[in-house]
Amino acid sequence: MNLSGKRVFLTGGARGIGRGISEALLSKGAMVMFCDINPGTGKQTEEELQKQYSSDSVSFIKADVADSQQLKAAFEAAVTKFGAVDIHINNAGILDQRIWERMFAVNAIGTIRGCQIALEHMRRDKGGHGGVIMNVVSMGGLGSSYWFPAYTASKHAVIGFVNSWAESPYQPQHGVRWGCVCPVSVDTEMLNMEENQIYDLSENQKHTATHKVQISDVVDAFMKLVQDENSNGALMEVSRENNGVYCRRQLVYMNNVSPPCFMDNLPFPGQT
Ligand SMILES: NC(=O)C1=CN([C@@H]2O[C@H](COP(=O)(O)OP(=O)(O)OC[C@H]3O[C@@H](n4cnc5c(N)ncnc54)[C@H](O)[C@@H]3O)[C@@H](O)[C@H]2O)C=CC1
Ligand SMILES: CC/C=C\CC(=O)/C=C/C=C\C=C\C=C\[C@@H](O)[C@@H](O)C/C=C\CCC(=O)O
């Protein structure tokens, strides 16, 4: 997929992985509008990216993804500015077991709502132009993680939702391609946690020190996934062991026959 001229809306782009993805897309000629709950960092990032690229190609809008009206208004602002959105990226997320219901509202409900808003806009069977919906999930969404169960559940919810749309027999009519990047711990502000924010903080810190990856690793994997037009409903792991490897790479629906799912890290047939 050629990213030049593509119109992107991304959530949680003020810093961290979201900012990294925005920069990579801008460097390929895409246009990005990003939202964030933090107006100070959002504005600052907007200024820095506008200097580096151009003021037309990137802009910030304040929105809390857990607030349906704010999220919808932010997405609509991108549609108004660009004419349409081709790529929607749900990235905003938090990790704090003390406020697990809020965490669900942001990670699961905010992401699912983002998918629904983007799908309604993009689906060809309702007059849209098709598009791509990508999600920054977590390796926690692929299995169990006893040190943050509710966070893990919020990420499982996203994968269940995305899989269901990606595998729909109507997916070809929708013309929307789906994907999830699933990183292990990433060296971002999210790792700066207080006691009680997760269970077993010290054990987790030891694990993180030896396993964490960098934002650039997630960005590289994301760029591979977003450009791979032969994927739909793919889950891409980002870890030191399996960086940018498909845990599941699902073929685009063909002839109305359920496509194969690859649930391991073996190379996709025909790939090295
Ligand atoms: N850092 C890590 O170890 C990992 C992070 N992830 C996921 O990656 C995504 C990005 O995380 P990071 O960049 O690491 O975190 P981060 O904390 O550095 O950045 C998250 C951004 O999202 C924004 N945000 C938070 N709540 C929001 C809301 N309600 N509405 C709009 N914006 C909001 C924050 O203000 C911040 O700018 C999250 O979904 C996270 O769960 C996944 C695996 C590992
Ligand atoms: C410290 C927390 C910071 C950020 C949040 C976050 O998302 C971090 C996640 C870090 C690690 C999660 C690992 C979870 C792993 C288990 O669910 C595994 O059982 C995954 C299972 C299979 C993966 C596919 C494979 O390798 O075959």
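The structure under discussion appears in the preceding block.
Criteria and thresholds
Residues numbered from 1 in each chain as written. Chains lettered and ligands numbered in written order. Predicted model: local features only at pLDDT ≥ 70, side-chain atom pairs only at ≥ 80, totals over all residues. Heavy atoms only, no water. Helix = DSSP H or I, 4+ residues; strand = E, 2+ residues; numbered from the N terminus. Rg over C-alpha atoms; globule rule 2.2 N^0.38 Å. Buried < 20%, exposed > 50% of the residue type's maximum accessible area, 1.4 Å probe, protein only. Areas by Shrake-Rupley, 256 points an atom, 1.4 Å probe, with all protein chains shown as cover. Lys, Arg positive; Asp, Glu negative; His and termini not counted. Charge placed at Lys NZ, Arg CZ, Asp CG, Glu CD. Phe/Tyr/Trp six-rings, centres within 6.5 Å; stacked < 30°, edge-to-face > 60°. Near = heavy atom within 4 Å. Polar contact = N/O pair within 3.5 Å; in protein donor to acceptor, adjacent residues only side chain to side chain. 1 Å grid on protein atoms, 1.4 Å probe; cavity = no way out; pocket = protein on both sides within 12 Å on 5 of 7 lines; lining within 4 Å. Sits in = over half its atoms within 2 Å of the grid points. Nonpolar A, V, L, I, M, F, W, Y, C, P; charged D, E, K, R; others polar. Contact = heavy atoms within 4.5 Å. Points joined across faces, edges and corners; volume = space filled by probe spheres on them.

## Description of the overall build of the protein chain
When helices and strands are tallied, the protein chain shows eight helices and eight strands. Over its C-alpha atoms the protein chain spans a radius of gyration of 18 Å, differing by no more than 12% from the 19 Å that the globule rule assigns to 272 residues. With the C-alpha coordinates of the protein chain rotated into their principal frame, the extents come out at 50 × 45 × 35 Å. Considering the protein chain as a whole, with its 272 residues, one finds that 51% of them fall into the buried category. Accessible area for the protein chain stands at about 12100 Å²; split by element, carbon and sulfur atoms hold 51% of it. In the protein chain, 24 side chains carry a positive charge and 28 a negative one; their mean positions are 5 Å apart.

## Here we look at the packing of aromatic side chains
Per the counting criterion, the structure on display carries seven aromatic pairs. Consider the rings of Phe34 and Phe60, whose centres lie 5.4 Å apart with planes at 40 degrees: the pair is tilted. With Phe34 in strand β2 (residues 31-36) and Phe60 in strand β3 (residues 58-62), the pair connects residues that are 26 residues apart, well separated along the chain. Since its relative accessible area comes to 0%, Phe34 is described here as buried. The class of Phe60 is buried, set by a relative accessible area of 12%. These aromatic residues form a ring-pair network of at least three members: Tyr146, Trp147, Phe148 and Tyr151.

## Points about the site of ligand 1
Every one of the 30 residues lining ligand 1 counts as a neighbour, but Asp36, Asn91, Tyr151, Val186 and Thr188 are closest to it. Asp36 is positioned with one of its side-chain polar atoms (N or O) 2.6 Å from an oxygen atom of ligand 1. Alone, ligand 1 offers 830 Å² of accessible surface; in the complex the protein occludes 94% of this. Under a 2 Å grid-point criterion requiring more than half of the atoms, the pocket assigned to ligand 1 is the largest pocket. Elements supplying a minimum of two residues to the shell around ligand 1: α1 (16-27), α4 (100-122) and α5 (149-166). Taken together, the residues of the shell around ligand 1 sort by class into 16 nonpolar, eight polar and six charged.

## Looking at the environment of Thr188
Considering the arrangement of structural elements, one finds Thr188 in the loop between β6 (176-183) and α7 (201-211). Remark: the alpha-carbon pair of Thr188 and Thr41, spanning 147 residues in sequence, is separated by 14 Å. With residues up to four places along the chain from it excluded, the contact list for Thr188 reads Gly16, Ile17 and Ile215.

## Notes on the site of ligand 2
Around ligand 2, the structure places 19 residues, and the nearest of them are Ser138, Gly143, Tyr151, Asn204 and Glu237. Take Met139: an N or O atom from its main chain is 3.3 Å from an oxygen atom of ligand 2. In the environment of ligand 2, an oxygen atom lies 3.2 Å from a nitrogen or oxygen atom belonging to the backbone of Ser144. Protein chains bury 78% of the 700 Å² of accessible surface belonging to ligand 2 in isolation.

## Here we look at the layout of surface pockets
By volume, the largest pocket amounts to about 1100 Å³. Where the lining of the largest pocket is concerned, the elements lending two or more residues are α1, β2, α4, α5 and α7. Of the residues belonging to the lining of the largest pocket, the class tally is 23 nonpolar, 19 polar and six charged. Here the second largest pocket defines a volume of roughly 240 Å³. For the lining of the second largest pocket, the secondary structure elements donating two or more residues are β5 (131-136), α6 (171-174) and β6. Within the lining of the second largest pocket, the residues separate by chemical class into five nonpolar, six polar and five charged.

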